[in-house]
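Structural overview
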There are 2 protein chains.
Amino acid sequence: TATDHLAEQKHLKELLSSLIAVAYDLTAELDFDRLFPLIIGKVTEVMSAERTSLYIIDWERHELWTKVAEQVEQIRLPLGKGISGRVAESGEMLNVADAWELPYFDRTFDQEHQFRTRSVLCMPIKNHVGEKIGVLQVINKKGKERFDSEDEIFLKALTSQVGIALENSLLIEELLLSFNSSIRTLSAMVDARHPLTAGHSQRVTDYSLLIAREMGLSKDEVETLKYAAILHDIGKIGIRDAILLKNGQFIPEERAEMNTHPVKTKAILDKFHFPKGMQEVPDIAVHHHEKVNGQGYPDGLTGDQLPLGSKIMAVADVFDALTSRRDYPKYASGETLNGDPMPLPMAISILKKEAGTHFDPDVVAAFLSCLPQALLLYRGDHFPPEYVDDMIRSLAPDLLP
Amino acid sequence: TATDHLAEQKHLKELLSSLIAVAYDLTAELDFDRLFPLIIGKVTEVMSAERTSLYIIDWERHELWTKVAEQVEQIRLPLGKGISGRVAESGEMLNVADAWELPYFDRTFDQEHQFRTRSVLCMPIKNHVGEKIGVLQVINKKGKERFDSEDEIFLKALTSQVGIALENSLLIEELLLSFNSSIRTLSAMVDARHPLTAGHSQRVTDYSLLIAREMGLSKDEVETLKYAAILHDIGKIGIRDAILLKNGQFIPEERAEMNTHPVKTKAILDKFHFPKGMQEVPDIAVHHHEKVNGQGYPDGLTGDQLPLGSKIMAVADVFDALTSRRDYPKYASGETLNGDPMPLPMAISILKKEAGTHFDPDVVAAFLSCLPQALLLYRGDHFPPEYVDDMIRSLAPDLLP
């Protein structure tokens, strides 16, 4: 009848416009970690299913993997095993009324979660050149016995958008990985010109990021700080060996040349094109040797004039210098001055003593709050266990292995 | 009637599924230069229009710009002017039956192309946070007086996908720009440690890319060569000042240390994560000092064992060394050996003479074919006009200004 036709037409229109809306939402999200749950949520809703699983194929390991919301760990299963594994391998859709009737269905999830998987519609996800990249599986059609042919057509259209969205976000991840690896490698090469500063920029970055999270910086601020920290000493590329590698104390002229490195860093970073939201990197990096009392360099800015990122890096930078070997004498052990890593309690008391003069007191407080995490990060690597374990034990005994 | 309903339903279904297909195609294309004509083609087809214009908003210059197929130059128009300019400024759709009746319609295009713009449907393009980023305009609905309300709904849905596709591809462009600028800056910093090698890596890259295009390398091969060339000397970061900056000829031990730089380059590049399709960068970069007769370093590979990219870089690298000032004597002018740029005819005769021993003859031939372009690239910059003009005039007189 005409009424049926109208209802059918309305239904179709709604279905397809919701598909377009989902396509829009999915392709607009390029952050892989946010995209993953977004796909699961949207597909579950649009398909009127009880659950949705999304698996990505890892061709190198011949496995599928998925992430469960809120959990960091990936769940992995071999290609070819279970419903998803079979669909991933064959590239053919599977539509069943009751999964429990399939001999190869794995009931582990159902048993662990007191769930009953009945109807399943499982679709391979392909990229734009037709290569299989994953599997999308909807479980238990609500209000119906099983998924019908309309669901199949609909999920197929949806899956093609999911494929594009996944591929785009993976490409972005890859580009970011490339950018980050190049930055990190080159920064490490500059550190490595002096055997005692190898790894310095990476440690300063790690400490800075711990402080930033402790202080609740925004995502853009954290990203900006990350690049500023990893690159803060890149200007040392322009310092001559005779200065940079000098074993012993600097004469004033040498100190003056060494102290040009933040300005050289800025000159290099000003030529970089940083992604949107990270324009502050050069400005934050250039001020890592400033002090809140205005006695630092190169600009002698005071605490209220300094970017928070620079003040965070100042603490991270000095802490790493104190707790690493250096050519210059840092403290007296027994009778002799030496450049060994300073005992931890002494390094920490210096940070505390200089809070308000060299350092921003809030930053020092935030660093002390995450100190056990900072020490654990490099325990057994840069820090011998005996150097850090007393401190970790006294602050956070549960963290020690 | 029921038949009308069925036809209407079929029409709707077709319309929407073509929208989904277009959405798929658009969001799958992340290369901005390919995306632009793809959008224009797809929209013209799906909307049954005679022409489509796509404009991107440049908020900094307060202008719109577009690209016409096959032309390199952008067409720019001020925000607020004409139909597109007004829609870009107001953010409101415009649907007119005859553009010529609008006092602000600019007839220049029509007059120049003997075209008659009648019906126009012009829609603002917004990104996923609702900011205006461009304008999509379809012109002259085929078979109808004007665009109707269904066209409006349809173009609106299409425009939202166009917005996502543009935004994604612009993000990719930005990330690539960031990656490239960081690579280029750091490579330039390494060159700049010695005043006579400043700009060397960039010139070697430019010469290599000219040769690569002349020889018809694929897009991936060209990209790989680009990174290998810009980074080929990055290993010099690990060469001591005493060697790198030595003014005069090396003793054998110094030469040996200097000659470790390709291996150091490879060690650095092996830590990079290069995007897909560019995994060969370290391998191509490490072999830029090899010779086709197997007498080069570090591996003494012969012509058939060497990647083409390395053989291209070898020619570009030596050509730049010969035509730039160096500390070491390169040739005898009159009575004295000197390190000045060698006269061009002499440099070219060396390339020719060494074809088959040092260089791949095909690469030398390709380089000589694009020599005028290579010289023009740096005429008035690295090359004084009087140094290159005779050569350019003899090879390609039309190219000289």
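Residues numbered from 1 in each chain as written. Chains lettered and ligands numbered in written order. Predicted model: local features only at pLDDT ≥ 70, side-chain atom pairs only at ≥ 80, totals over all residues. Heavy atoms only, no water.

**A word on the packing of aromatic side chains**
- Tallying each qualifying case throughout the model produces 24 aromatic pairs over all chains.
- Centroid distance Phe-32 of chain B to Phe-36 of chain B: 5.8 Å. Interplanar angle 65 degrees. Geometry classified as edge-to-face. Residue Phe-32 of chain B and its partner Phe-36 of chain B are located together in helix H2 (residues 32-46), separated by four residues, close to a single helical turn. Summarising the burial analysis for this pair, Phe-32 of chain B and Phe-36 of chain B share the class buried.
- Members of the aromatic cluster, each reached through a chain of ring pairs, are Phe-179, Tyr-227, Phe-272 and Phe-274 of chain A.
- A cation over an aromatic ring shows up here: Arg-51 of chain A above the ring of Phe-115 of chain A, its NZ or CZ 5.0 Å from the ring centre.
- The ring of Trp-100 of chain B carries Arg-116 of chain B above its face, with NZ or CZ at 4.3 Å from the centroid. (Phe/Tyr/Trp six-rings, centres within 6.5 Å; stacked < 30°, edge-to-face > 60°. Helix = DSSP H or I, 4+ residues; strand = E, 2+ residues; numbered from the N terminus. Buried < 20%, exposed > 50% of the residue type's maximum accessible area, 1.4 Å probe, protein only. Lys NZ or Arg CZ within 6 Å of the ring centre and 35° of its normal.)

**Some remarks on unusual backbone geometry**
Residue and element names in this part refer to chain A.
- In this structure, Pro-298 follows Tyr-297 across a cis peptide bond, with omega equal to 5 degrees.
- Within the element layout of this structure, Pro-298 appears in the loop between helix H11 (281-286) and helix H12 (308-322).
- One non-glycine residue, Gln-114, lies in positive phi territory at about 45 degrees.

**Focus on the pairing of strand S1 (residues 49-58) of chain B**
- For S1 of chain B, a buried count of eight out of ten residues is recorded, marking the element as mostly surrounded by other parts of the structure.
- Here S1 of chain B hands over to strand S2 (residues 63-67) of chain B after four residues, with His-62 of chain B in that stretch at a positive phi of 55 degrees. (Pairing = 2+ DSSP bridges.)

**Some points on the domain arrangement of chain A**
- For chain A, the assigned domains are domain 1 (2-171) and domain 2 (192-369).
- Relative to domain 2 of chain A, the C-alpha centre of domain 1 of chain A lies at a distance of 48 Å. (Domains from an automatic or database assignment.)

**Observations regarding the sheet that holds strand S5 (residues 120-126) of chain A**
All names here are of chain A.
- Read across the sheet, six strands follow the order S3-S2-S1-S6-S5-S4 without closing on themselves; strand pairing throughout is antiparallel. At either margin of the open sheet sits one strand with a lone partner, and together these are strand S3 (74-78) and strand S4 (94-96). Shown here is a sheet whose adjacent strand axes are inclined to one another by a mean of 25 degrees, direction ignored.
- For strand S2 (residues 63-67) and S3, the ladder comprises five bridges, and the chain directions are antiparallel. Considered in S3, the bridge of Trp-65 is made with Arg-76.
- Where helix H2 (residues 32-46) meets the sheet, its contacts fall on strand S1 (49-58), S2 and strand S6 (132-141), and the angle it forms with S1 comes to roughly 140 degrees.
- The strands that helix H5 (residues 149-191) touches are S1, S4, S5 and S6; relative to S5, the one it contacts most, it runs at about 35 degrees. (Axes fitted to C-alpha atoms, helices over the stretch in contact; angles between N-to-C directions. Contact = heavy atoms within 4.5 Å.)

**Here's the deal with the interface of chain B and chain A**
- At the junction of the two partners, chain B supplies 48 residues and chain A supplies 49 residues.
- Carbon and sulfur atoms supply 72% of the area that chain B and chain A bury against each other, a total of about 4800 Å² over both sides.
- Connecting chain B to chain A are zero salt bridges.
- Linking chain B with chain A are seven residue pairs in polar contact (both at pLDDT 80 or more), by the criterion used here. (Buried area = accessible area lost by both parts, 1.4 Å probe. Salt bridge = Lys/Arg side-chain N within 4 Å of Asp/Glu carboxyl O. Polar contact = N/O pair within 3.5 Å; in protein donor to acceptor, adjacent residues only side chain to side chain.)

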